Amino acid sequence: MKRLILIFSALWLLVAVVPAEAKNDSLKMAKKAEKQREREERERLHEIERMAQPHFKGGDIDKFEAWVVANLKFDFGTLPRDTPHVRVEVPFYVEADGSTSLSDEECPSERLYPHLVFEIKRVIQFSPEWEPGHDPLGNPIRTRQVLAITLQNHNYIGAPVAPRPIRRGRR
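Description of the structure in this document. Just so it is clear, the model here is predicted, and its values are computed rather than measured.

Some details on the side chain of Q145
- Mapped onto the elements of the fold, Q145 is located in strand 7 (residues 143-152).
- At 3.1 Å, the side chain of Q145 and the side chain of Q53 are in polar contact.
- If near-sequence neighbours (up to four positions away) are discounted, Q145 is found in contact with Q53, P54, I61, V90, P91, F92 and V94.

Some thoughts on the packing of helix 2 (residues 61-70) against helix 4 (residues 114-125)
- Where helix 2 meets helix 4, the axes come as close as 9 Å, and the angle between the chain directions of the two elements is 115 degrees. With respect to helix 4, the element helix 2 is oriented roughly perpendicular. The chirality of how helix 2 crosses helix 4 is right-handed. In this structure, helix 2 uses F64, W67 and V68 to contact helix 4, whose residues at the interface are I120, V123 and I124.
- When the residues that make up the contact of helix 2 with helix 4 are grouped by side-chain class, the tally is six nonpolar, no polar and no charged.

Considering the sheet that holds strand 3 (residues 100-102)
- Spatially, three strands are ordered 3-2-7 in an open sheet, and the strand pairing comes out antiparallel. Single-partner strands in this sheet number two, and they are strand 3 and strand 7. Going across the sheet, the axis of each strand differs from the next one's by a mean of 40 degrees, ignoring polarity.
- Direction of pairing for strand 2 (residues 85-94) relative to strand 3: antiparallel, over a ladder of three bridges. Bridge pairing links V94 to T100 in strand 3.
- The strands touched by helix 2 within the sheet are strand 2 and strand 7, with strand 7 carrying the most contacts at an inclination of about 55 degrees.
- Set on the sheet, helix 4 makes contact with strand 2, strand 3 and strand 7; between it and strand 2 the angle comes to about 35 degrees.

Conventions used here
- Residues numbered from 1 in each chain as written.
- Predicted model: local features only at pLDDT ≥ 70, side-chain atom pairs only at ≥ 80, totals over all residues.
- Heavy atoms only, no water.
- Helix = DSSP H or I, 4+ residues; strand = E, 2+ residues; numbered from the N terminus.
- Polar contact = N/O pair within 3.5 Å; in protein donor to acceptor, adjacent residues only side chain to side chain.
- Contact = heavy atoms within 4.5 Å.
- Axes fitted to C-alpha atoms, helices over the stretch in contact; angles between N-to-C directions.
- Parallel < 35°, antiparallel > 145°, perpendicular 65-115°, else oblique.
- Left-handed = near helix turned anticlockwise from the far one by under 90°.
- Nonpolar A, V, L, I, M, F, W, Y, C, P; charged D, E, K, R; others polar.
- Pairing = 2+ DSSP bridges.

Here you go:
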(Lines give C-alpha, C1' and ligand atoms only; values in the text may rest on other atoms or scores of the structure.)
Protein backbone atom coordinates (compact mmCIF):
# COMPACT_ATOMS: atom_id res chain seq x y z
CA MET A 1 0.00 0.00 0.00
CA LYS A 2 2.84 2.35 0.86
CA ARG A 3 4.42 1.63 -2.51
CA LEU A 4 1.19 2.44 -4.25
CA ILE A 5 0.93 5.76 -2.41
CA LEU A 6 4.56 6.59 -3.28
CA ILE A 7 3.97 5.76 -6.94
CA PHE A 8 0.81 7.90 -7.09
CA SER A 9 2.49 10.82 -5.32
CA ALA A 10 5.48 10.58 -7.70
CA LEU A 11 3.12 10.56 -10.69
CA TRP A 12 1.20 13.49 -9.23
CA LEU A 13 4.43 15.44 -8.84
CA LEU A 14 5.39 14.72 -12.45
CA VAL A 15 1.98 15.67 -13.78
CA ALA A 16 1.28 18.75 -11.62
CA VAL A 17 4.62 20.30 -10.67
CA VAL A 18 6.74 19.91 -13.81
CA PRO A 19 4.24 21.62 -16.16
CA ALA A 20 3.84 24.45 -13.62
CA GLU A 21 7.61 25.00 -13.62
CA ALA A 22 7.66 24.90 -17.40
CA LYS A 23 4.80 27.41 -17.41
CA ASN A 24 6.78 29.69 -15.06
CA ASP A 25 9.82 29.43 -17.30
CA SER A 26 7.82 30.33 -20.38
CA LEU A 27 6.25 33.27 -18.51
CA LYS A 28 9.71 34.47 -17.46
CA MET A 29 10.95 34.21 -21.03
CA ALA A 30 7.91 36.09 -22.33
CA LYS A 31 8.42 38.86 -19.76
CA LYS A 32 12.10 39.06 -20.63
CA ALA A 33 11.29 39.33 -24.34
CA GLU A 34 8.67 42.02 -23.61
CA LYS A 35 11.19 44.05 -21.58
CA GLN A 36 13.70 43.74 -24.41
CA ARG A 37 11.11 44.99 -26.94
CA GLU A 38 10.22 47.92 -24.64
CA ARG A 39 13.90 48.82 -24.22
CA GLU A 40 14.46 48.74 -27.99
CA GLU A 41 11.35 50.89 -28.54
CA ARG A 42 12.55 53.44 -25.95
CA GLU A 43 15.97 53.57 -27.62
CA ARG A 44 14.37 54.03 -31.04
CA LEU A 45 12.11 56.84 -29.77
CA HIS A 46 15.07 58.47 -28.01
CA GLU A 47 17.04 58.38 -31.26
CA ILE A 48 14.13 59.95 -33.17
CA GLU A 49 13.76 62.60 -30.46
CA ARG A 50 17.49 63.33 -30.51
CA MET A 51 17.41 63.58 -34.28
CA ALA A 52 14.46 65.98 -34.12
CA GLN A 53 16.27 68.39 -31.80
CA PRO A 54 18.23 71.22 -33.37
CA HIS A 55 21.88 71.75 -32.44
CA PHE A 56 23.65 75.05 -31.86
CA LYS A 57 26.74 75.32 -34.04
CA GLY A 58 28.91 75.77 -30.98
CA GLY A 59 27.39 72.79 -29.11
CA ASP A 60 24.14 72.12 -27.27
CA ILE A 61 21.56 74.39 -25.60
CA ASP A 62 23.95 75.00 -22.69
CA LYS A 63 26.53 76.44 -25.09
CA PHE A 64 23.80 78.62 -26.59
CA GLU A 65 22.82 79.81 -23.11
CA ALA A 66 26.47 80.76 -22.43
CA TRP A 67 26.62 82.55 -25.80
CA VAL A 68 23.46 84.54 -25.01
CA VAL A 69 24.70 85.53 -21.54
CA ALA A 70 28.06 86.61 -22.99
CA ASN A 71 26.30 88.86 -25.52
CA LEU A 72 23.83 90.51 -23.14
CA LYS A 73 24.07 94.27 -22.78
CA PHE A 74 21.94 94.76 -19.70
CA ASP A 75 22.20 96.91 -16.58
CA PHE A 76 21.82 94.36 -13.81
CA GLY A 77 21.34 97.21 -11.34
CA THR A 78 17.72 97.38 -12.49
CA LEU A 79 16.93 93.94 -11.07
CA PRO A 80 15.07 93.79 -7.75
CA ARG A 81 17.38 93.67 -4.76
CA ASP A 82 15.41 91.07 -2.82
CA THR A 83 16.06 88.01 -5.02
CA PRO A 84 19.43 86.21 -5.12
CA HIS A 85 18.80 84.58 -8.52
CA VAL A 86 16.76 85.57 -11.53
CA ARG A 87 15.32 82.82 -13.74
CA VAL A 88 14.04 83.74 -17.18
CA GLU A 89 12.51 81.38 -19.75
CA VAL A 90 12.21 82.64 -23.31
CA PRO A 91 10.59 80.49 -26.02
CA PHE A 92 11.87 80.72 -29.59
CA TYR A 93 11.90 78.70 -32.80
CA VAL A 94 14.73 77.22 -34.81
CA GLU A 95 13.51 77.36 -38.39
CA ALA A 96 14.09 74.67 -41.00
CA ASP A 97 16.87 76.78 -42.54
CA GLY A 98 18.71 77.06 -39.19
CA SER A 99 17.77 80.65 -38.39
CA THR A 100 16.04 81.65 -35.16
CA SER A 101 12.74 83.46 -34.73
CA LEU A 102 10.89 84.59 -31.64
CA SER A 103 7.72 82.99 -30.37
CA ASP A 104 4.52 85.06 -30.20
CA GLU A 105 3.57 83.55 -26.87
CA GLU A 106 4.16 85.61 -23.76
CA CYS A 107 6.55 84.18 -21.24
CA PRO A 108 5.74 84.56 -17.54
CA SER A 109 9.19 86.06 -16.89
CA GLU A 110 8.29 89.01 -19.11
CA ARG A 111 5.99 90.45 -16.46
CA LEU A 112 8.69 90.31 -13.79
CA TYR A 113 11.75 91.31 -15.82
CA PRO A 114 10.53 92.97 -19.05
CA HIS A 115 13.83 94.72 -19.86
CA LEU A 116 15.88 91.57 -19.33
CA VAL A 117 13.54 89.46 -21.49
CA PHE A 118 13.62 92.14 -24.19
CA GLU A 119 17.43 92.03 -24.20
CA ILE A 120 17.52 88.21 -24.32
CA LYS A 121 15.09 88.25 -27.26
CA ARG A 122 17.30 90.80 -29.03
CA VAL A 123 20.33 88.54 -28.62
CA ILE A 124 18.40 85.44 -29.77
CA GLN A 125 17.39 87.22 -32.99
CA PHE A 126 21.04 87.79 -33.88
CA SER A 127 22.29 84.34 -32.95
CA PRO A 128 24.43 82.32 -35.35
CA GLU A 129 22.71 79.71 -37.46
CA TRP A 130 21.70 76.40 -35.91
CA GLU A 131 21.69 72.92 -37.37
CA PRO A 132 17.91 72.42 -37.70
CA GLY A 133 15.98 69.51 -36.26
CA HIS A 134 14.84 66.71 -38.55
CA ASP A 135 11.72 64.60 -38.83
CA PRO A 136 12.00 60.78 -38.92
CA LEU A 137 12.47 60.92 -42.71
CA GLY A 138 15.46 63.26 -42.34
CA ASN A 139 13.77 66.45 -43.58
CA PRO A 140 14.64 69.66 -41.70
CA ILE A 141 11.75 70.97 -39.59
CA ARG A 142 10.87 74.01 -37.47
CA THR A 143 11.28 73.22 -33.76
CA ARG A 144 10.29 75.10 -30.62
CA GLN A 145 12.95 75.66 -27.98
CA VAL A 146 12.84 77.27 -24.55
CA LEU A 147 15.93 79.06 -23.36
CA ALA A 148 16.00 78.94 -19.55
CA ILE A 149 18.61 81.23 -18.05
CA THR A 150 19.34 81.58 -14.35
CA LEU A 151 21.41 84.63 -13.52
CA GLN A 152 22.96 85.47 -10.19
CA ASN A 153 21.73 88.83 -8.96
CA HIS A 154 24.83 90.79 -7.90
CA ASN A 155 22.50 93.51 -6.62
CA TYR A 156 21.09 91.17 -3.93
CA ILE A 157 21.31 92.65 -0.44
CA GLY A 158 20.44 89.44 1.38
CA ALA A 159 17.62 88.50 3.65
CA PRO A 160 16.86 90.92 6.45
CA VAL A 161 18.52 89.86 9.67
CA ALA A 162 16.09 89.31 12.54
CA PRO A 163 17.04 91.17 15.69
CA ARG A 164 18.45 89.00 18.44
CA PRO A 165 16.35 88.64 21.55
CA ILE A 166 17.59 90.54 24.57
CA ARG A 167 18.78 88.26 27.36
CA ARG A 168 18.03 89.31 30.86
CA GLY A 169 19.63 87.94 33.92
CA ARG A 170 22.94 86.16 34.42
CA ARG A 171 25.37 85.53 31.68
